[in-house]
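Descriptive analysis of the structure
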Amino acid sequence: MELNYNALNDLLEDDFFEDLDEYCESECCEQRNEIIIKMAECGIACNVHYKPLPMHTAYKNLGFDIANYPNSYARFVNEITLPLHTCLTDEDVDYIIEKYSNIVKEYI
């Protein structure tokens, strides 16, 4: 697999977790962020692409409160987006699965 050696640096330089930390007070969220960092250390760039609408500024300004959407919040704090694109080889997929499985086993 062609590793993304900049994956971890990208997370740290872009203040990746800064926006998420405003909402993440749970252990699940901390574990999710740790998993993302460990994946980056393996050269695998992961992300959090799902952010519930009530967490967006425009919706907050309209009076929406994430506390009124517990299911959406539960999905948000537990979600990790793994790499998924047409250039992934079978070997890349195997590598991602292996690393993700090993890392997640540390938390179960």
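None of these values were measured; they are calculated from a predicted model. (Residues numbered from 1 in each chain as written. Predicted model: local features only at pLDDT ≥ 70, side-chain atom pairs only at ≥ 80, totals over all residues. Heavy atoms only, no water.)

Counted by the stated rule, this structure contains three aromatic pairs. Seen from their ring centres, F64 and Y69 are 6.5 Å apart, and the 35° between their planes marks the pair as tilted. Where Y73 meets F76, the ring centres are 6.2 Å apart and the plane angle is 45°; that geometry is what we call tilted. Highlighted residues: Y73 and F76, both in helix 5 (residues 70–78), separated by three residues, approximately one helical turn. A residue is classified by how much of its surface remains accessible, and Y73, at 22% relative accessible area, is partly exposed. With a relative accessible area of 1%, F76 lands in the buried category. (Phe/Tyr/Trp six-rings, centres within 6.5 Å; stacked < 30°, edge-to-face > 60°. Helix = DSSP H or I, 4+ residues; strand = E, 2+ residues; numbered from the N terminus. Buried < 20%, exposed > 50% of the residue type's maximum accessible area, 1.4 Å probe, protein only.)

Together, L53, Y59, L62, F64 and Y69 make up a nonpolar patch on the protein surface, roughly 480 Å² of accessible area in all. Along the chain, the position of F64 falls in the loop between helix 4 (57–61) and helix 5. (Patch = residues over 30% accessible without salt bridge, like charges linked within 9 Å, V, L, I, M, F, W, Y side chains within 5 Å. Areas by Shrake-Rupley, 256 points an atom, 1.4 Å probe, with all protein chains shown as cover. Salt bridge = Lys/Arg side-chain N within 4 Å of Asp/Glu carboxyl O.)

Turning our attention to the packing of helix 3 (residues 27–41) against helix 6 (residues 90–105). Where helix 3 meets helix 6, the closest approach of the two axes is 10 Å, and the angle between their N-to-C directions is 140°. By the angle between their directions, the pair helix 3 and helix 6 is classed as oblique. Here helix 3 and helix 6 pass one another in a crossing that is right-handed. Residue-level inspection shows I35, K38 and M39 of helix 3 in contact with helix 6, the latter providing I96, K99, Y100, I103 and V104. Taken together, the residues of the contact of helix 3 with helix 6 sort by class into six nonpolar, no polar and two charged. (Axes fitted to C-alpha atoms, helices over the stretch in contact; angles between N-to-C directions. Parallel < 35°, antiparallel > 145°, perpendicular 65-115°, else oblique. Left-handed = near helix turned anticlockwise from the far one by under 90°. Contact = heavy atoms within 4.5 Å. Nonpolar A, V, L, I, M, F, W, Y, C, P; charged D, E, K, R; others polar.)

Per-residue pLDDT for the protein has a mean of 83; in total, 76% of the residues score no lower than 70. No element of the protein has a lower mean pLDDT than helix 2 (residues 16–21), at 54, and none a higher one than helix 6, at 96. (pLDDT = per-residue confidence, 0-100.)

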